[in-house]
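# Structure assessment
Below are the chains, spelled out letter by letter.
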Amino acid sequence: MKRLFVVGLGPGGRDGMTLEAKKALEQSEVICGYTAYADLIRGDYPEKEYLVSGMTKEVERCHMALLAAQDGKTTAMICSGDAGVYGMAGLVLSLAEKYPETEVVIVAGVTAALSGAARLGAPLMNDFAVISLSDLLTPKDVIEKRLRAAAAGDFSICLYNPSSKKRADYLSWACRIVSEYYAPDTPCGWVRMIGRQDEEKKTCTLQELTKEQVDMFTTVFIGSSRTSFQNGLLVTKRGYEKRVAVNRAGGKEKLRILLFGGTTEGRELAQRLLTLPVIFKVSVATPYGEELLQDLPQATILAGRMDRTQMEREMEKGYDLVIDATHPYAAEVSENIRQAAQQEQIRLLRVCRRASKVGSDCYWVQDAKEAAGLLQTLSGNVLLTTGSKELAAFEGVEKERLYVRVLPSKEALDLCEKAQIPHSHILALQGPFTTALNIALMEQYHIGILVTKDGGKKGGFLEKQEAARLQKAALVVIGRPTQEEGYSVEEAWNLVLESLYAKGGAGGYAQVEDNAASGRAKLSTAVEQELCVYDTKGGAVE
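Keep in mind that this is a model prediction, so the values were computed, not measured.

The number of helices and strands found in the protein is 19 helices and 27 strands. Here the protein, with 542 residues, has 49% of them falling under the buried criterion. Counted over contacts in the protein with a minimum sequence separation of 6, partners at least 24 positions apart contribute 68%. Of the roughly 25,900 Å² of accessible surface on the protein, a fraction of 50% belongs to carbon and sulfur atoms.

Here you go:
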């Protein structure tokens with residue numbers, strides 16, 4: 001019988017071969033394969049006839065091997081690793097139909113996922129996915145779908161062909177995708193030239209892996225939520241340890257939080273979350289909001305506006321808690337967050353600012369359009385502090401009267417240009433603004449009317465209110481767009497701690513930051529019921 005063995009050599013050299021592979025090579029008269037792989041075994045089988053070719057000549061090699069076998073020579077088509085894993089087995093079997101007299105025998109080998117994993121410890125102890133980053137035969141968008149599916153499923157991931165001269169940035173690209181699902185400190189590692197004389201290996205975190213430089217001879221491993229560092233090695237727990245899932249730091253399964261920020265409250269909560277054993281991401285709408293979170297790890301920030309569909313897609317990644325700490329006037333955003341969280345059945349905490357207590361010495365209006373109409377009946381220069389997005393509503397106000405204070409961002413300045421605000425009337429400044437600074441600006445530009453939203457204490461409303469009083473200027477206040485129920489920052493923080501301890505179970509997280517422990521001590525079920533209801537006309541109704 002004419003016979004063609006398709007042999008996986010394992011990681012390289014005789015020591016990594018299976019006994020079946022060695023037996024097949026010993027029986028073969030002809031060895032066919034990629035030049036570099038043939039060179040690995042020439043010294044062990046010098047008497048054999050070799051048929052070799054270079055990269056991208058796979059079809060040619062298969063025909064060469066099948067023809068040799070058809071001529072009556074027992075032949076071995078060799079591959080690295082296992083012939084059935086990114087090897088030649090599938091192609092040989094597809095072409096073998098044209099050589100019906102030749103028997104094709106697939107010989108198992110040790111693929112790089114297994115040999116590399118053994119060098120790094122036991123990263124593949126639980127379910128895992130193997131993905132090649134080579135786009136030579138698989139489109140890049142398909143590779144991305146597979147990466148996202150594996151990450152969403154919390155698999156340990158093994159990456160083949162992670163980089164090349166033409167794909168130098170593919171590993172960092174893949175890491176950025178996985179970072180949307182996994183924490184920055186997820187244990188990872190890589191092994192290069194497995195089983196060969198110049199073998200190298202390294203362990204690192206996912207954040208560090210993004211910056212690693214590797215090549216086609218490297219196999220990369222990314223741990224799952226069950227993977228931890230144990231004595232410098234990667235170990236993925238299978239569940240034997242009382243069947244308790246372990247996180248990336250070796251404790252109980254971590255709480256996953258999605259925080260919508262862009263406000264003072266959002267930044268405060270983000271800084272606090274850094275002190276806890278949780279996985280969290282902060283969503284901000286603008287590059288300016290991202291800039292204000294520069295102390296956070298980059299992988300923690302989601303920059304860019306999201307609609308409801310995008311929010312749902314993000315929440316599908318497996319969050320336990322969603323916190324809405326967006327601006328009190330971002331009513332549409334808050335409604336989208338609420339609906340998305342409800343759709344994904346995730347607990348939502350809305351962080352609200354207390355409305356300000358304002359007397360009768362000001363003008364209350366419902367929205368920017370009503371404020372613009374009121375300005376037509378008042379005289380004097382106007383300091384508009386309602387933000388760049390509201391400028392279109394003030395189109396009818398004389399431009400020579402209007403001075404606008406906006407954030408020093410390109411987006412804000414572009415909106416000023418669109419509204420045809422004179423450059424000399426644009427005050428691009430970043431807060432916080434003291435009463436003295438507000439007064440200085442009002443004196444500089446002879447302001448007789450100050451228009452503001454009720455941003456509350458943390459939004460600088462009190463300083464604007466006092467400046468208007470001292471300057472004897474009219475104060476126009478745009479009321480809150482909706483009446484909301486929600487929590488203060490401190491109440492939301494305590495509820496996060498409650499969720500954290502519930503996730504950890506009894507006895508979990510024995511040592512957490514002091515502020516976390518003290519917050520939990522204060523917590524009672526009554527906190528969850530202490531909602532603040534905000535009236536758009538000022539004051540909080542308890």
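Here the narrative resumes.
Looking now at a nonpolar patch on the surface. Nonpolar side chains collect at one region of the surface, where M55, M216 and F217 lie side by side and expose about 280 Å² of accessible area between them. Secondary-structure assignment places F217 in the loop between helix 8 (206-209) and strand 11 (218-222).

To continue, consider the environment of V397. You can see V397 is positioned in the loop between strand 20 (381-384) and strand 21 (402-406). On a C-alpha basis, the gap between V397 and L374 in space is 9.9 Å, while along the polypeptide they are 23 residues apart. Those residues in contact with V397 that sit more than four places away from it in its chain are A372, L375, Q376 and L402.

For the rest of this paragraph, the subject is helix 15 (residues 435-444). Taken together, the buried positions of helix 15 are occupied by N438, I439, L441 and M442. Along the axis of helix 15, the buried positions cluster into a sector of 165°, meaning they face one direction only. Across helix 15 from its buried face, at more than 90 degrees, point the exposed residues A436 and Q444. Packed against the buried residues of helix 15 are strand 20, strand 21, strand 22 (426-428), strand 23 (447-453) and helix 16 (461-470). Positive phi shows up at H446, right after helix 15, with a value of about 55°.

The tally for this structure, following the rule as stated, stands at 25 salt bridges. For E144, the salt bridge is made with R148, and the minimal N-O distance between the two is 3.1 Å. In this pair, E144 and R148 are both assigned in helix 6 (residues 140-152), 4 residues apart and thus about one turn of the helix distant. E180 is the salt-bridge partner of K317, the closest N and O atoms lying 2.9 Å from each other. With a gap of 137 residues between them, K317 in the loop between helix 11 (308-315) and strand 17 (321-324) and E180 in the loop between helix 7 (170-179) and strand 9 (187-192) connect regions that are remote in the sequence. Overlapping salt bridges bring together E144, R148, E180, K281, E314 and K317 as one network.

What follows covers the side chain of T205. Residue placement: T205 occurs in strand 10 (residues 200-205). Given the relative accessible area of 18%, T205 is considered buried. Residues within four places of T205 in sequence aside, it is in contact with P184, D185, T186, C188 and F229.

The next thing to look at is the sheet that holds strand 11. Spatial ordering of the open sheet is given by 7-8-11-9-10, a layout of 5 strands whose pairing is mixed. In this open sheet, the two edge strands, each paired with only one partner strand, are strand 7 (128-132) and strand 10. Across the sheet, the axes of successive neighbouring strands diverge by a mean angle of 15°, strand direction being ignored. Note that strand 9 and strand 10 share 6 bridges and pair antiparallel. For R192, the partnering residue across the bridge sits in strand 10 and is E200. Where helix 6 meets the sheet, its contacts fall on strand 7 and strand 8 (156-160), and the angle it forms with strand 7 comes to roughly 165°.

The next point concerns the pairing of strand 24 (residues 474-478). Most of strand 24 sits out of view: 4 of its 5 residues are buried. In this structure, strand 19 (residues 363-365) lies alongside strand 24, joined through 3 bridges in parallel fashion. Each bridged residue has a counterpart across the sheet, and for W364 the counterpart in strand 24 is V477. Examined bridge by bridge, strand 23 and strand 24 share 5 bridges and lie parallel to one another. Within strand 24, the position partnered with K453 by the bridge is I478. Handedness of the crossover joining strand 23 and strand 24 through helix 16 is recorded here as right-handed.

Take helix 13 (residues 368-375) next. Buried within helix 13 are the following residues: A368, A371, A372, L374 and L375. Down the axis of helix 13, the sector holding all buried residues measures 160°, keeping them to one side. Next to the buried residues of helix 13 lie strand 19, strand 20, strand 23 and strand 24.

Position of Q339 relative to the elements: it lies in helix 12 (residues 331-343). C-alpha separation for the pair Q339 and M311, spaced 28 residues apart in sequence, amounts to 9.4 Å.

The buried fraction of strand 1 (residues 2-8) amounts to 5 of the 7 residues, a majority that puts the element mostly inside the structure. Sheet analysis places strand 1 next to strand 5 (residues 102-107), joined by 6 bridges and oriented parallel. By the bridge assignment for strand 5, L4 is matched with V104. In terms of strand pairing, strand 1 meets strand 4 (residues 75-79) through 5 bridges, oriented parallel. Following the sheet pairing, G8 is matched in strand 4 by C79.

Conventions used here
Residue positions are given per chain, counting from 1 as you read along its sequence in written order. In view of the model being predicted, local features appear only for residues whose pLDDT reaches at least 70, and side-chain atom pairs are presented and counted only at 80 or more, with totals across whole chains, interfaces and linings using the full set of residues. In computing side-chain values, all of the structure's heavy atoms are included and hydrogens and water are not. The way it works is that DSSP assigns letters per residue, a run of H or I at least four long becomes a helix, a run of E at least two long becomes a strand, and they are numbered from the N terminus. For each residue, the accessible area found with a 1.4 Å probe, counting protein chains only, is set against the maximum for its type, and the residue is called buried under 20%, exposed over 50%, and partly exposed in between. Contact definition: two residues touch when any of their heavy atoms are within 4.5 Å. Values of accessible area rely on a 1.4 Å probe in the Shrake-Rupley scheme; residue burial ignores everything except the protein chains shown. Residues enter patches when their relative accessible area tops 30% and they take part in no salt bridge; the joining distance is 9 Å for like charges and 5 Å for the nonpolar side chains Val, Leu, Ile, Met, Phe, Trp and Tyr. By definition, a salt bridge exists where a carboxyl oxygen of Asp or Glu is found within 4 Å of a side-chain nitrogen of Lys or Arg. To obtain the arc, one takes the directions from the helix axis to the C-beta atoms. Following DSSP output, two strands are said to pair if at least two bridges run between them. To get an axis, fit a line to the C-alpha atoms, keeping to the stretch in contact for a helix; angles then go from 0 to 180 degrees between the N-to-C directions. A right-handed crossover is one whose linking path, passing over the helix from the first strand to the second, runs clockwise when the strands point away from the viewer.

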